[in-house]
Amino acid sequence: MEIKRRRSVLYVPGSNVKALAKALRRGADCLILDLEDAVAPQAKAAARQNIRGFLRDGAGGQGEVIIRINALDSALAEADLAMIADAGADAVLVPKINGAPDIRSAAAAMAAAGVAGKTRLWVMMETPLALLEVARIAACAGARSHALAALVIGSNDLYAELRARPTPDRAAIAGLLGVCVAAARAHGLDVIDGVYNDFTDARGFAAECRQGADMGMDGKSLIHPAQIGICHEIFSPDAAQIRWAQEVIAAFARPENAAKGAISIGGRMAERLHLENAKRILFLAGMQGPQG
Ligand code: 1VU
């Protein structure tokens, strides 16, 4: 399975030339250049041109660049995809999907527009229907071209559509987030937590990052560069996790453990199934290649 570092996923409005100009230098693992909600209707065409320029001149760094297009059933998506076909991107993020048929439609629209097959598909999980259908959506993973790679939680839309109230513990949506993580894990996808709107509230943001990381989220959607440092701190493996991973890998590599499925490490059981997680931890810590 491909492992990507996707701890921090920063939205940058395609219409904000100033923010785009410095976006790569901010240090986020991934950038989502937005053509949808962050861009006013009269600014869509200019935003496309800005992003085209960014992709041609600025991209190509270490992280992934993802373009969030307008909804597939809008009059805008075709032009968004035509621009991406021309300029290239690592992935296309499709909003407002409701079920597995939308995944197939999105991949077909990308192909029809001439978007390269290696361009991945990311989808927003932001409608009640999508949340109810997430197992079938995630099961669309595995396509050879325009492969589904990540689920991105759209918590602002979700709260609004559920008529739920946001609270610090996210009680209204926590169960749904857990199901998204399970669906992603079942089909080898990454899952990126939603945004925290108050970018001046570092303490509240850190608490929400911790909650997401504890749940199994691979990273967090960000709206402001000030959120990147805290996000990296919380979504990166800590010293104890790294030590555990090194011990698990070293222990299973010993000849006397070659035929064992479960061993004791410092009085705690480790099973072979922990090996993959241990390799992932070392990769995320920058201490090992993606293949282990
Ligand atoms: O110091 P500089 O002047 O060079 O730069 C400013 C500003 O341009 C930059 N900055 C950003 N750069 C990249 N990406 C960003 N998202 C971003 N935000 C700001 O940072 C420097 C300091 O900025 P600031 O503190 O003065 O903040 P502003 O008033 O400029 O901007 C605040 C908002 C909230 C408007 C801005 O951060 C923003 O537009 N964020 C992204 C909004 C967005 O993309 N919304 C849609 C995704 S959320 C969603 O749909 C839910 C799923």
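Reading the values: the criteria
Residues numbered from 1 in each chain as written. Predicted model: local features only at pLDDT ≥ 70, side-chain atom pairs only at ≥ 80, totals over all residues. Heavy atoms only, no water. Domains from an automatic or database assignment. Buried < 20%, exposed > 50% of the residue type's maximum accessible area, 1.4 Å probe, protein only. Helix = DSSP H or I, 4+ residues; strand = E, 2+ residues; numbered from the N terminus. Pairing = 2+ DSSP bridges. Contact = heavy atoms within 4.5 Å. Polar contact = N/O pair within 3.5 Å; in protein donor to acceptor, adjacent residues only side chain to side chain. Right-handed = clockwise from strand over helix to strand, strands pointing away.

### Quick look at the domain arrangement of the protein
Assigned domains of the protein: these are domain 1 (8-235) and domain 2 (239-284). One C-alpha centre belongs to domain 1, the other to domain 2, and the line joining them spans 33 Å.

### Digging into the pairing of strand 6 (residues 148-153)
Sheet faces and side chains relate simply in a regular strand, where the side chains alternate between the two faces. Judged by how many residues are buried, strand 6 sits mostly within the fold: 6 of 6 residues are covered. Bridge count between strand 5 (residues 120-125) and strand 6: 5 bridges; the pairing is parallel. Counted as the bridge partner of Leu121 is Leu148 from strand 6.

### Concerning the environment of Arg120
Along the chain, Arg120 turns up in strand 5. Along the primary structure Arg120 and Ala100 are separated by 20 residues, whereas in three dimensions their C-alpha atoms are 16 Å apart. For Arg120, the contacting residues outside a window of four places in its chain are Glu2, Lys4, Arg6, Glu64, Asp90, Ala91, Val92, Met110, Ala147 and Ala149. A distance of 3.5 Å separates polar atoms of two side chains, one belonging to Arg120 and the other to Glu64.

### Here we look at the pairing of strand 4 (residues 91-94)
Burial along strand 4 is two-sided: Ala91 and Leu93 and Val92 and Val94, pointing in opposite directions, are all buried. Direction of pairing for strand 3 (residues 64-68) relative to strand 4: parallel, over a ladder of 3 bridges. Bridging across to strand 4, Ile66 finds its partner in Ala91. Each parallel crossover has a hand, and the one from strand 3 via helix 3 (residues 77-87) to strand 4 is right-handed. Pairing geometry for strand 4 and strand 5, over 4 bridges, is parallel. Following the sheet pairing, Ala91 is matched in strand 5 by Arg120.

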